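# Per-entry structural report
Chain by chain, the residues run as shown.
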Amino acid sequence: MKKLSCFILFFIVNLCVAFASDYDSSYTFGIYGFVRNDMTFDTHRSLGAVNELFYFLPFDRQLDAEGNDLNEVNQLKFLGITTRLGMNFDSPLYSHGFRLSANFEADFCGAASPAIACFRLRRANVVFDWERKYNNDNVMHHKLMVGQAFHPMTSELLPDIVSLNTGCPFNPFSRAPQIRYTANFTSVRLTAAAVWQFQYTTPGPQGNSNQYQFDNAVPEAYLGAEYHIPHFKIGAGAEYMAVRPRVSTEIDGNVYRVSEHVHSFAAQLYLDAGNANWDFRMKSVVGQNLGHLLMMSGYGVSGIAHDGRSLLYAPLLQSASWFTLTYHTNNIRHNVYATVLGGYIKNFGAGTEVSRLYTRGPENLDQMFRTSASLQYRFRELNVGAEYEYTGVLYGDVHPDATVTNTHLVNNHRLYLIVMYNFSFDWKIQKNKSI
């Protein structure tokens, strides 16, 4: 890892030196964001984040002595904590089409307590952007992004809906520190990234924590490719991750060092197609131990290693898919967006007998599905939206291999309303040459 860090630093320094000449003097500073208020009505107690504005799924039934479900409770919430502020910084255009830029973004979704919202970091990154010609007139556009941004499994395609959860847990969701390189050809884009966990973490013996990845000393790796032409793109990507649940164990009052690792793989396929008024999007993900992407997944203990102290682990396999179909107008001032969404999740278990499951979300989830319909009205900076969402979960009995049978249905009906004011301003600043 030291050699890799030194190589990256050497590459960045030489990149800047090579292009640090012949540039104009225009710097751009931009500020953007929105003031947003969200109201939700639910028919069932549910698992979620950000005071349940970021919705996952309804809890399994909890029956009282008369067979009534104690989780079947109507809930109404009204919150303004999703308000957001972001800043963009762009350098002049240097020689060879080289540019430096930076992005900072935060909102008020951090919670010191259920009743107190705190300013929290969403994104903070620096981008090195340059071009190179190949085959005479063709240009390859390079980008090297260093810092916190959306995970590649998230950012490649997102549904355009009212709900704050952007299709999660059917769609992977995470922002994380990373080093991401992209090469853009005329109609092809290649991506490679090394990703470290921060806010969105893996479940384990000490709860959800990024320490399991830190102790393994290897970042998550992602590779992706995309083909795009006007009004159409199709892409695929794959990721590998290894975490270390424990570094020691206690036996008969003595503490011993252990060597434990969970290896997991995931892949995604996505499509986006449309025209001036219609847009169709879909994404399908198949993978193991996807809890760090806010998906209902994890791993379990599958045995004991030869040393008699270290544990063996088996990741849970899950598939998740979603699609959206959107109709929108294209007026200068007034626009309407109407979207329908469908999603499906299936738990395939561990493929072997496991115990002591570590999962994000319920262990006894077999299948999950969602349908929603949303309508948004946008007038210049104003966005008013309404969405109806139905989420159903098949809960059941957990088998030794972590598959689930003998299921029963639990569902939630959600009505989501938003009122949002968007803002975006850019300024150009002249600065004397200093390089």
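Within any chain, residue numbers begin from 1 and follow the written order of that chain's sequence. In keeping with the model being predicted, local features are shown solely for residues with a pLDDT of at least 70 and side-chain atom pairs are shown and tallied solely at 80 or more, while totals for entire chains, interfaces and linings include all residues. By convention in this description, side-chain values take in all heavy atoms of the structure and omit both hydrogens and water.

### A closer look at the overall build of the chain
- Along the chain, the regular secondary structure elements total three helices and 24 strands.
- We take the radius of gyration over the C-alpha atoms and set the globule estimate at 2.2 Å times the residue count to the 0.38 power. By the compact-globule yardstick of 22 Å for 435 residues, the chain fits well, its C-alpha radius of gyration being 24 Å.
- Expressed as lengths along the three principal axes of its C-alpha atoms, the size of the chain is roughly 75 × 60 × 45 Å.
- The cut-offs for exposure are 20% and 50% of the maximum accessible area for each residue type, with area from a 1.4 Å probe on protein chains only; residues under the lower value are buried, those over the upper are exposed, and the others partly exposed. Counting over 435 residues, the chain shows a buried share of 47%.
- Taking the intrachain contacts of the chain between residues at least 6 apart in sequence as the baseline, contacts between residues at least 24 apart amount to 66%.
- Accessible area for the chain stands at about 20900 Å²; split by element, carbon and sulfur atoms hold 60% of it.
- Each charge class in the chain can be summarised by its mean position, and for the 35 positive and 37 negative side chains these summaries are 8 Å apart. A helix here means a DSSP run of H or I that spans at least four residues, while a strand means a run of E at least two residues long, and both kinds are numbered starting from the N terminus. Any two residues whose heavy atoms approach within 4.5 Å are treated as being in contact. Where accessible areas are quoted, they stem from the Shrake-Rupley method and a 1.4 Å probe; at the residue level, only the protein chains shown are allowed to cover. In this tally Asp and Glu are treated as negative and Lys and Arg as positive; neither His nor the chain ends contributes. Note that the charge is assigned to NZ on lysines, CZ on arginines, CG on aspartates and CD on glutamates.

### A look at unusual backbone geometry
- Along the chain, cysteine 168 connects to proline 169 via a cis peptide bond; the corresponding omega equals 10 degrees.
- Mapped onto the secondary structure, proline 169 falls in the loop between helix 2 (152–155) and strand 9 (175–184).

### Things to note about the layout of surface pockets
- Roughly 1000 Å³ of internal volume is contained in the largest pocket.
- Lining the largest pocket are 45 residues; nearest its centre among them are Arg84, Arg122, Leu164, Thr166 and Phe173.
- Considering each element in turn, the lining of the largest pocket owes the most residues, five residues, to strand 6 (residues 99–113).
- Residues are grouped as follows: nonpolar covers Ala, Val, Leu, Ile, Met, Phe, Trp, Tyr, Cys and Pro; charged covers Asp, Glu, Lys and Arg; every other residue, Gly included, is treated as polar. For the lining of the largest pocket, the residue count by class is 22 nonpolar, twelve polar and eleven charged.
- A cavity here means a set of points on a 1 Å grid, drawn over the protein atoms and nothing else, where a 1.4 Å probe fits but cannot get out; a pocket is an open set with protein on both sides within 12 Å along at least five of seven lines, and a residue lines either one if it has an atom within 4 Å of a point. Grid points are joined across faces, edges and corners, and a volume is the space filled by probe spheres set on the points. Considering only enclosed or pocket space, the second largest pocket measures out at about 520 Å³ in volume.
- Forming the boundary of the second largest pocket are 16 residues, of which Val127, Lys143, Met145, Ala149 and Arg180 lie nearest the centre.
- Counting residues per element, the ones that place at least two in the lining of the second largest pocket are strand 6, strand 7 (116–134), strand 8 (138–150) and strand 9.
- With five residues, strand 8 is the largest single contributor of residues to the lining of the second largest pocket.

### Things to note about the packing of aromatic side chains
- Stacked, edge-to-face and tilted are the three classes for Phe, Tyr and Trp ring pairs, Trp counted by its six-membered ring, which pair at centre distances within 6.5 Å; planes under 30 degrees apart are stacked, over 60 edge-to-face, the rest tilted. Going through the model one piece at a time under the given rule, you end up with 15 aromatic pairs.
- Aromatic pair tyrosine 299 and tyrosine 358: ring centres 5.6 Å apart, planes at 55 degrees, arrangement tilted. Linking tyrosine 299 in strand 17 (residues 298–304) with tyrosine 358 in strand 21 (residues 355–359), this pair joins segments that are 59 residues apart in sequence. For the pair formed by tyrosine 299 and tyrosine 358, the shared burial category is buried.
- What links up through ring pairs into an aromatic cluster is the set Phe54, Phe56, Phe150, Phe173 and Tyr200.
- Whether a charge sits over a ring depends on NZ of Lys or CZ of Arg being within 6 Å of the ring centre and within 35 degrees of the ring normal. Above the ring of tyrosine 337, the side-chain terminus of arginine 378 is found at 3.8 Å from the ring centroid.

### Comments concerning the side chain of threonine 154
- Tracing the backbone through its elements, the reader meets threonine 154 in helix 2.
- Reaching out from threonine 154, the side chain makes a polar contact with the backbone oxygen of proline 172 at a distance of 2.9 Å.
- Excluding anything up to four places from it in sequence, threonine 154 contacts Asn171, Pro172, Phe173, Ser174 and Lys283. N or O atoms within 3.5 Å of each other form a polar contact, as long as, within protein, one can give a hydrogen and the other can take it, and as long as residues adjacent in sequence are counted only when both atoms are side-chain atoms.

### Some remarks on the side chain of aspartate 42
- Topologically, aspartate 42 is positioned in strand 1 (residues 26–42).
- Residue aspartate 42 is classed as buried on the basis of its relative accessible area, which comes to 4%.
- Polar contacts involving the side chain of aspartate 42 include one to the side chain of arginine 414, which spans 2.7 Å.
- Look past the residues within four positions of aspartate 42 in its chain and what remains in contact with it is Tyr55, Val73, Asn74, Gln75, Asn412, His413 and Arg414.

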